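Observations on chain architecture
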Amino acid sequence: MSLPALLLAAGSSPSPTPSVSTTPAVPSLQDAQESATNAASWVEQNWSTWLAIGLRILLILVIAGVLRAVVQRAITKLIDRMTRTAEAVDGTSLGGLLVNNERRRQRSQAIGSVLRSVASFAILGTAGLMVLAAFQINLAPLLASAGVAGVAIGFGARNLVTDFLSGVFMILEDQYGVGDSIDAGVASGEVIEVGLRVTKLRGDNGEIWYVRNGEVKRIGNLSQGWATAGVDVTVKANEDLDRVKATLDEVAEKMSAEEPWNELLWSPIEVLGLDSVLLDSMVVRVSAKTMPGKSLTVERELRWRIKRAFDAADIRIVGGATAPADEEPVDPTASVAAPSVLSNPDSPQAAAASPIAQQRPAAK
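Residue numbers run consecutively from 1 along every chain, following the written order of its sequence. Given that this is a predicted model, residues contribute local features only at a pLDDT of at least 70 and side-chain atom pairs are listed and counted only at 80 or more, while totals for whole chains, interfaces and linings are drawn from all residues. Heavy atoms throughout the structure, all of them, feed into the side-chain values; hydrogens and water do not.

Moving on: the side chain of Thr 290. Within the secondary structure layout, Thr 290 lies in strand β8 (residues 281–290). Non-local contacts of Thr 290, meaning those with residues more than four positions away in its chain, are made with Trp 226, Ala 227, Thr 228, Ala 229, Leu 264, Leu 265, Trp 266, Ser 295 and Val 298. A run of H or I in DSSP counts as a helix once it spans at least four residues, and a run of E counts as a strand once it spans at least two, with each numbered from the N terminus. Contacts between residues were defined by any pair of non-hydrogen atoms, one from each residue, lying within 4.5 Å.

Bringing the sheet that holds β8 into the picture now. Spatial ordering of the open sheet is given by β6-β8-β7, a layout of three strands whose pairing is antiparallel. The outermost strands of the open sheet, each flanked by one partner alone, are β6 (227–236) and β7 (270–277). Strand after strand, the sheet turns through a mean of 25° between neighbouring axes, direction not considered. In this description, strands pair whenever DSSP reports at least two bridges between them. Note that β7 and β8 share six bridges and pair antiparallel. Looking at β8, one finds that Glu 270 is bridged to Ser 287. Fitting a line to C-alpha atoms yields each axis, with helices limited to the stretch in contact; the angle taken between N-to-C directions then spans 0 to 180 degrees.

Let's shift gears to the nonpolar core. Of all hydrophobic cores here, the largest spans 25 residues; its most connected members are Leu 248, Ile 269, Val 298, Leu 302, Ile 306 and Phe 310. If near-sequence neighbours (up to four positions away) are discounted, Phe 310 is found in contact with Val 233, Val 235, Val 244, Thr 247, Leu 248, Ile 315 and Ile 317. What we call a nonpolar core is a set of buried Ala, Val, Leu, Ile, Met, Phe, Trp, Tyr and Cys residues that are connected through their side-chain atoms within 4.5 Å. Burial classes: relative accessible area under 20% of the type maximum marks a residue as buried, over 50% as exposed, and values in between as partly exposed (1.4 Å probe, protein chains only). Grouped together as the second largest cluster of nonpolar side chains are 17 residues, Ala 184, Ala 187, Val 191 and Val 216 included.

Under the pairing criterion, centres of Phe, Tyr and Trp rings, with the six-membered ring standing for Trp, must be within 6.5 Å; the plane angle then separates stacked pairs below 30 degrees from edge-to-face pairs above 60, leaving the rest tilted. Counted according to the given criterion, the structure contains zero aromatic pairs. The positively charged end of Lys 289 is found above the aromatic ring belonging to Trp 226, 4.2 Å away from the centroid. Note on geometry: a ring has a charge over it if NZ (lysine) or CZ (arginine) is within 6 Å of the ring centre and within 35 degrees of the ring normal.

Turning our eyes to something else, we now look at the pairing of strand β3 (residues 198–202). In this structure, strand β2 (residues 188–194) lies alongside β3, joined through four bridges in antiparallel fashion. Across the sheet, Val 191 pairs through a bridge with Leu 201, a residue of β3. From the end of β2 to the start of β3, which pair antiparallel, there are three residues. Across five bridges, β3 lies against strand β4 (residues 208–212) in antiparallel orientation. Each bridged residue has a counterpart across the sheet, and for Val 198 the counterpart in β4 is Arg 212. Counting the residues between successive antiparallel strands, the hairpin from β3 to β4 contains five residues, one of them, Gly 206, with a positive phi of roughly 95°.

Here we take up unusual backbone geometry. Apart from glycine, the bulk of residues carry a negative phi angle, and the bulk of peptide bonds sit in the trans form. Omega for the peptide link from Glu 259 to Pro 260 comes to 0°, which places this bond in the cis form. Tracing the backbone through its elements, the reader meets Pro 260 in the loop between α7 (241–257) and α8 (261–264). Non-glycine residue Asp 314 carries a positive phi angle of around 60°. Within the secondary structure, Asp 314 sits in the loop between α9 (295–312) and α10 (348–353).

Shown next as C-alpha coordinates:
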(Lines give C-alpha, C1' and ligand atoms only; values in the text may rest on other atoms or scores of the structure.)
Protein backbone atom coordinates (compact mmCIF):
# COMPACT_ATOMS: atom_id res chain seq x y z
CA MET A 1 0.00 0.00 0.00
CA SER A 2 1.25 3.39 -0.94
CA LEU A 3 1.97 6.12 1.59
CA PRO A 4 -0.98 8.32 0.55
CA ALA A 5 -3.36 5.44 1.11
CA LEU A 6 -1.99 4.86 4.65
CA LEU A 7 -2.38 8.49 5.51
CA LEU A 8 -5.95 8.48 4.23
CA ALA A 9 -6.78 5.43 6.32
CA ALA A 10 -5.26 6.98 9.43
CA GLY A 11 -7.18 10.18 8.93
CA SER A 12 -10.51 8.37 8.64
CA SER A 13 -10.04 6.47 11.95
CA PRO A 14 -11.52 8.05 15.12
CA SER A 15 -9.16 10.17 17.17
CA PRO A 16 -8.57 9.19 20.89
CA THR A 17 -10.45 11.07 23.68
CA PRO A 18 -8.18 13.41 25.59
CA SER A 19 -7.82 12.62 29.38
CA VAL A 20 -9.47 14.99 31.93
CA SER A 21 -7.01 16.71 34.27
CA THR A 22 -7.77 16.32 38.10
CA THR A 23 -5.46 19.11 39.23
CA PRO A 24 -7.49 21.76 41.20
CA ALA A 25 -7.60 25.16 39.74
CA VAL A 26 -5.42 27.62 41.62
CA PRO A 27 -7.38 30.75 42.61
CA SER A 28 -6.11 33.76 41.03
CA LEU A 29 -5.08 36.96 42.72
CA GLN A 30 -8.30 38.57 41.62
CA ASP A 31 -10.40 35.91 43.40
CA ALA A 32 -8.48 36.35 46.65
CA GLN A 33 -8.89 40.08 46.47
CA GLU A 34 -12.62 39.71 45.91
CA SER A 35 -13.03 37.36 48.95
CA ALA A 36 -11.09 39.73 51.21
CA THR A 37 -13.23 42.60 50.03
CA ASN A 38 -16.46 40.70 50.86
CA ALA A 39 -15.22 39.74 54.38
CA ALA A 40 -14.14 43.26 55.12
CA SER A 41 -17.47 44.63 54.02
CA TRP A 42 -19.35 42.07 56.18
CA VAL A 43 -17.23 42.96 59.23
CA GLU A 44 -17.73 46.64 58.50
CA GLN A 45 -21.47 46.15 58.38
CA ASN A 46 -21.74 44.10 61.62
CA TRP A 47 -18.98 45.39 63.92
CA SER A 48 -21.28 47.90 65.53
CA THR A 49 -23.76 45.15 66.40
CA TRP A 50 -21.02 42.99 67.91
CA LEU A 51 -19.67 45.87 69.90
CA ALA A 52 -23.13 46.69 71.23
CA ILE A 53 -23.74 43.07 72.25
CA GLY A 54 -20.34 42.84 73.92
CA LEU A 55 -20.80 46.06 75.83
CA ARG A 56 -24.29 44.99 76.90
CA ILE A 57 -23.01 41.62 78.20
CA LEU A 58 -20.12 43.32 80.00
CA LEU A 59 -22.49 45.81 81.58
CA ILE A 60 -24.82 43.00 82.70
CA LEU A 61 -21.97 41.05 84.30
CA VAL A 62 -20.55 44.11 86.03
CA ILE A 63 -23.93 45.13 87.43
CA ALA A 64 -24.64 41.55 88.57
CA GLY A 65 -21.26 41.26 90.30
CA VAL A 66 -21.60 44.62 92.05
CA LEU A 67 -25.20 43.93 93.08
CA ARG A 68 -24.28 40.49 94.44
CA ALA A 69 -21.40 41.94 96.47
CA VAL A 70 -23.62 44.72 97.87
CA VAL A 71 -26.42 42.32 98.80
CA GLN A 72 -24.06 39.86 100.49
CA ARG A 73 -22.43 42.69 102.42
CA ALA A 74 -25.84 43.90 103.55
CA ILE A 75 -26.78 40.37 104.64
CA THR A 76 -23.54 40.07 106.60
CA LYS A 77 -24.20 43.36 108.40
CA LEU A 78 -27.76 42.25 109.15
CA ILE A 79 -26.55 38.99 110.68
CA ASP A 80 -23.93 40.86 112.74
CA ARG A 81 -26.61 43.24 114.00
CA MET A 82 -28.81 40.30 115.00
CA THR A 83 -25.88 38.80 116.90
CA ARG A 84 -25.17 42.08 118.71
CA THR A 85 -28.84 42.39 119.63
CA ALA A 86 -28.78 38.88 121.10
CA GLU A 87 -25.64 39.75 123.06
CA ALA A 88 -27.39 42.81 124.47
CA VAL A 89 -30.25 40.60 125.65
CA ASP A 90 -27.74 38.51 127.60
CA GLY A 91 -27.75 41.17 130.31
CA THR A 92 -31.26 40.17 131.40
CA SER A 93 -32.03 37.14 133.55
CA LEU A 94 -34.13 35.50 130.85
CA GLY A 95 -31.92 36.41 127.92
CA GLY A 96 -28.99 34.38 129.15
CA LEU A 97 -31.18 31.29 129.12
CA LEU A 98 -32.81 31.81 125.75
CA VAL A 99 -29.60 32.31 123.79
CA ASN A 100 -25.99 31.22 124.05
CA ASN A 101 -22.87 31.72 121.98
CA GLU A 102 -23.02 28.43 120.12
CA ARG A 103 -26.72 28.79 119.42
CA ARG A 104 -26.31 32.35 118.10
CA ARG A 105 -23.35 31.32 115.98
CA GLN A 106 -25.09 28.38 114.32
CA ARG A 107 -28.34 30.27 113.84
CA SER A 108 -26.51 33.24 112.31
CA GLN A 109 -24.48 31.01 110.02
CA ALA A 110 -27.57 29.12 108.86
CA ILE A 111 -29.62 32.26 108.22
CA GLY A 112 -26.72 33.99 106.49
CA SER A 113 -26.00 30.96 104.31
CA VAL A 114 -29.63 30.68 103.22
CA LEU A 115 -29.97 34.38 102.44
CA ARG A 116 -26.69 34.51 100.54
CA SER A 117 -27.55 31.44 98.49
CA VAL A 118 -30.98 32.79 97.59
CA ALA A 119 -29.58 36.20 96.68
CA SER A 120 -26.77 34.73 94.56
CA PHE A 121 -29.12 32.37 92.75
CA ALA A 122 -31.61 35.13 91.97
CA ILE A 123 -29.00 37.68 90.80
CA LEU A 124 -26.81 35.32 88.77
CA GLY A 125 -29.81 33.52 87.29
CA THR A 126 -31.34 36.77 86.12
CA ALA A 127 -27.98 37.89 84.70
CA GLY A 128 -27.62 34.63 82.78
CA LEU A 129 -31.04 35.01 81.22
CA MET A 130 -30.26 38.59 80.22
CA VAL A 131 -27.00 37.47 78.58
CA LEU A 132 -28.85 34.85 76.55
CA ALA A 133 -31.42 37.45 75.57
CA ALA A 134 -28.60 39.74 74.40
CA PHE A 135 -27.59 37.07 71.88
CA GLN A 136 -31.20 37.13 70.63
CA ILE A 137 -31.86 33.58 71.83
CA ASN A 138 -35.52 32.67 72.31
CA LEU A 139 -35.92 32.04 76.05
CA ALA A 140 -39.47 30.68 75.91
CA PRO A 141 -38.49 27.03 75.19
CA LEU A 142 -35.68 27.24 77.74
CA LEU A 143 -37.96 28.57 80.48
CA ALA A 144 -40.62 25.97 79.64
CA SER A 145 -38.04 23.16 79.84
CA ALA A 146 -36.70 24.53 83.10
CA GLY A 147 -40.23 24.66 84.51
CA VAL A 148 -40.93 21.06 83.54
CA ALA A 149 -37.56 19.95 84.95
CA GLY A 150 -38.26 21.85 88.19
CA VAL A 151 -41.65 20.18 88.58
CA ALA A 152 -40.11 16.74 87.95
CA ILE A 153 -37.32 17.35 90.45
CA GLY A 154 -39.83 18.71 92.95
CA PHE A 155 -41.95 15.55 92.73
CA GLY A 156 -38.92 13.26 92.84
CA ALA A 157 -37.21 15.00 95.75
CA ARG A 158 -40.24 16.32 97.61
CA ASN A 159 -39.03 14.92 100.94
CA LEU A 160 -35.71 16.71 100.54
CA VAL A 161 -37.44 19.97 99.62
CA THR A 162 -39.78 19.59 102.59
CA ASP A 163 -36.85 19.04 104.95
CA PHE A 164 -35.03 22.14 103.70
CA LEU A 165 -38.10 24.39 103.84
CA SER A 166 -38.98 23.17 107.34
CA GLY A 167 -35.41 23.72 108.48
CA VAL A 168 -35.37 27.26 107.09
CA PHE A 169 -38.57 28.22 108.92
CA MET A 170 -37.44 26.54 112.15
CA ILE A 171 -34.24 28.59 112.11
CA LEU A 172 -35.90 31.84 111.08
CA GLU A 173 -38.58 31.49 113.78
CA ASP A 174 -35.99 30.41 116.38
CA GLN A 175 -38.10 27.47 117.51
CA TYR A 176 -35.09 25.85 119.19
CA GLY A 177 -31.33 26.11 119.25
CA VAL A 178 -28.15 24.44 120.41
CA GLY A 179 -28.37 23.51 124.08
CA ASP A 180 -32.18 23.38 124.24
CA SER A 181 -33.97 20.30 125.51
CA ILE A 182 -36.83 19.56 123.12
CA ASP A 183 -39.46 16.91 122.53
CA ALA A 184 -39.80 16.48 118.76
CA GLY A 185 -42.33 13.65 118.92
CA VAL A 186 -40.17 11.09 117.12
CA ALA A 187 -37.29 11.71 119.54
CA SER A 188 -36.40 13.87 122.51
CA GLY A 189 -33.16 15.13 123.98
CA GLU A 190 -30.70 18.02 123.96
CA VAL A 191 -30.05 19.80 120.67
CA ILE A 192 -26.37 19.57 119.72
CA GLU A 193 -26.60 20.72 116.08
CA VAL A 194 -29.21 22.48 113.95
CA GLY A 195 -29.06 22.03 110.18
CA LEU A 196 -31.26 22.90 107.25
CA ARG A 197 -32.14 19.25 106.63
CA VAL A 198 -31.41 17.37 109.87
CA THR A 199 -31.50 18.25 113.56
CA LYS A 200 -29.12 16.30 115.81
CA LEU A 201 -30.27 15.43 119.35
CA ARG A 202 -28.48 13.85 122.30
CA GLY A 203 -30.79 11.44 124.12
CA ASP A 204 -31.00 10.81 127.86
CA ASN A 205 -28.90 7.65 127.54
CA GLY A 206 -26.23 9.33 125.43
CA GLU A 207 -27.53 8.21 122.04
CA ILE A 208 -27.57 10.64 119.12
CA TRP A 209 -30.81 11.07 117.15
CA TYR A 210 -30.81 12.42 113.61
CA VAL A 211 -34.27 13.88 113.04
CA ARG A 212 -35.32 15.08 109.60
CA ASN A 213 -36.88 18.52 109.86
CA GLY A 214 -39.72 17.58 107.53
CA GLU A 215 -40.83 14.77 109.87
CA VAL A 216 -41.25 17.03 112.90
CA LYS A 217 -44.95 17.80 113.30
CA ARG A 218 -44.77 19.45 116.72
CA ILE A 219 -41.96 20.64 118.98
CA GLY A 220 -41.97 21.04 122.73
CA ASN A 221 -39.11 23.28 123.88
CA LEU A 222 -38.29 22.55 127.51
CA SER A 223 -35.55 25.20 127.76
CA GLN A 224 -37.39 28.44 127.07
CA GLY A 225 -39.15 30.55 129.69
CA TRP A 226 -39.43 28.51 132.88
CA ALA A 227 -40.20 24.99 134.06
CA THR A 228 -42.46 23.65 136.81
CA ALA A 229 -41.34 21.33 139.58
CA GLY A 230 -44.27 19.49 141.14
CA VAL A 231 -44.19 16.97 143.99
CA ASP A 232 -47.20 14.97 145.22
CA VAL A 233 -46.94 13.97 148.89
CA THR A 234 -49.28 11.16 149.97
CA VAL A 235 -49.98 10.94 153.69
CA LYS A 236 -52.50 9.08 155.83
CA ALA A 237 -56.03 10.41 155.94
CA ASN A 238 -55.93 10.96 159.73
CA GLU A 239 -52.86 13.24 159.65
CA ASP A 240 -53.19 16.80 160.87
CA LEU A 241 -53.25 19.02 157.78
CA ASP A 242 -51.98 22.07 159.66
CA ARG A 243 -48.95 20.15 160.91
CA VAL A 244 -48.31 18.77 157.38
CA LYS A 245 -48.52 22.25 155.85
CA ALA A 246 -46.26 23.75 158.51
CA THR A 247 -43.65 21.06 157.89
CA LEU A 248 -43.78 21.63 154.12
CA ASP A 249 -43.51 25.40 154.56
CA GLU A 250 -40.44 24.94 156.73
CA VAL A 251 -38.82 22.71 154.12
CA ALA A 252 -39.64 25.20 151.34
CA GLU A 253 -38.28 28.19 153.24
CA LYS A 254 -35.05 26.44 154.16
CA MET A 255 -34.46 25.12 150.64
CA SER A 256 -35.14 28.50 149.02
CA ALA A 257 -32.47 30.15 151.15
CA GLU A 258 -29.68 27.69 150.38
CA GLU A 259 -27.35 27.63 147.39
CA PRO A 260 -27.56 26.61 144.60
CA TRP A 261 -31.32 26.17 145.00
CA ASN A 262 -31.92 29.88 145.46
CA GLU A 263 -30.74 30.39 141.85
CA LEU A 264 -32.62 27.44 140.39
CA LEU A 265 -35.91 28.42 142.03
CA TRP A 266 -37.64 31.28 140.21
CA SER A 267 -40.63 31.45 142.55
CA PRO A 268 -41.34 30.46 146.15
CA ILE A 269 -42.18 26.82 146.78
CA GLU A 270 -45.95 26.79 147.33
CA VAL A 271 -48.18 24.24 149.03
CA LEU A 272 -51.12 24.23 146.64
CA GLY A 273 -53.35 22.17 148.92
CA LEU A 274 -55.07 18.83 148.68
CA ASP A 275 -54.92 17.36 145.24
CA SER A 276 -57.07 14.35 146.12
CA VAL A 277 -58.64 12.73 149.18
CA LEU A 278 -59.12 8.96 149.37
CA LEU A 279 -60.51 6.62 151.99
CA ASP A 280 -57.17 5.89 153.65
CA SER A 281 -54.87 8.62 152.24
CA MET A 282 -54.71 12.15 150.92
CA VAL A 283 -52.37 13.83 148.41
CA VAL A 284 -50.84 17.26 149.04
CA ARG A 285 -49.47 19.11 146.01
CA VAL A 286 -46.23 21.15 146.23
CA SER A 287 -45.10 23.22 143.24
CA ALA A 288 -42.53 25.85 142.21
CA LYS A 289 -41.22 27.55 139.07
CA THR A 290 -37.64 26.66 138.25
CA MET A 291 -34.95 27.42 135.75
CA PRO A 292 -35.58 25.66 132.41
CA GLY A 293 -34.26 22.12 132.40
CA LYS A 294 -33.80 22.00 136.21
CA SER A 295 -37.25 20.85 137.26
CA LEU A 296 -36.24 17.21 137.77
CA THR A 297 -33.25 18.25 139.89
CA VAL A 298 -35.42 20.43 142.09
CA GLU A 299 -38.07 17.70 142.41
CA ARG A 300 -35.52 15.11 143.56
CA GLU A 301 -34.06 17.44 146.17
CA LEU A 302 -37.51 18.48 147.35
CA ARG A 303 -38.62 14.86 147.82
CA TRP A 304 -35.43 14.12 149.73
CA ARG A 305 -35.97 17.04 152.12
CA ILE A 306 -39.70 16.34 152.58
CA LYS A 307 -39.03 12.71 153.48
CA ARG A 308 -36.42 13.65 156.07
CA ALA A 309 -38.63 16.38 157.55
CA PHE A 310 -41.64 14.05 157.75
CA ASP A 311 -39.57 11.37 159.47
CA ALA A 312 -38.41 13.93 162.04
CA ALA A 313 -42.00 15.15 162.56
CA ASP A 314 -43.37 11.58 162.75
CA ILE A 315 -45.59 12.08 159.71
CA ARG A 316 -45.94 8.89 157.76
CA ILE A 317 -45.88 8.91 153.95
CA VAL A 318 -48.04 6.23 152.35
CA GLY A 319 -48.90 5.34 148.83
CA GLY A 320 -50.69 2.79 146.69
CA ALA A 321 -52.38 -0.22 148.26
CA THR A 322 -49.68 -0.88 150.84
CA ALA A 323 -51.13 -2.11 154.14
CA PRO A 324 -50.43 0.13 157.19
CA ALA A 325 -47.56 -1.15 159.30
CA ASP A 326 -49.28 -0.57 162.66
CA GLU A 327 -51.99 -3.18 161.99
CA GLU A 328 -51.28 -6.72 163.20
CA PRO A 329 -51.40 -9.51 160.65
CA VAL A 330 -54.71 -11.29 160.42
CA ASP A 331 -54.85 -15.01 161.26
CA PRO A 332 -56.20 -16.74 158.13
CA THR A 333 -57.83 -19.45 160.29
CA ALA A 334 -59.79 -16.99 162.42
CA SER A 335 -62.60 -16.74 159.92
CA VAL A 336 -63.00 -20.53 159.60
CA ALA A 337 -66.00 -21.81 161.57
CA ALA A 338 -65.57 -24.75 163.90
CA PRO A 339 -67.10 -28.02 162.68
CA SER A 340 -70.40 -29.06 164.14
CA VAL A 341 -70.50 -31.85 166.72
CA LEU A 342 -72.95 -33.72 164.51
CA SER A 343 -70.71 -33.58 161.42
CA ASN A 344 -68.64 -36.46 160.20
CA PRO A 345 -65.03 -35.73 161.19
CA ASP A 346 -63.75 -38.04 158.44
CA SER A 347 -65.46 -36.11 155.58
CA PRO A 348 -63.35 -34.02 153.17
CA GLN A 349 -65.40 -30.93 154.05
CA ALA A 350 -64.56 -31.29 157.75
CA ALA A 351 -60.88 -31.86 156.97
CA ALA A 352 -60.76 -28.71 154.78
CA ALA A 353 -62.53 -26.56 157.40
CA SER A 354 -60.31 -27.73 160.25
CA PRO A 355 -57.41 -25.30 161.04
CA ILE A 356 -55.06 -28.13 161.92
CA ALA A 357 -55.48 -31.54 160.38
CA GLN A 358 -56.04 -34.17 163.03
CA GLN A 359 -53.95 -37.31 162.98
CA ARG A 360 -56.32 -40.28 163.04
CA PRO A 361 -54.96 -43.48 164.54
CA ALA A 362 -54.57 -46.27 162.09
CA ALA A 363 -57.32 -48.85 162.20
CA LYS A 364 -56.33 -52.24 163.71
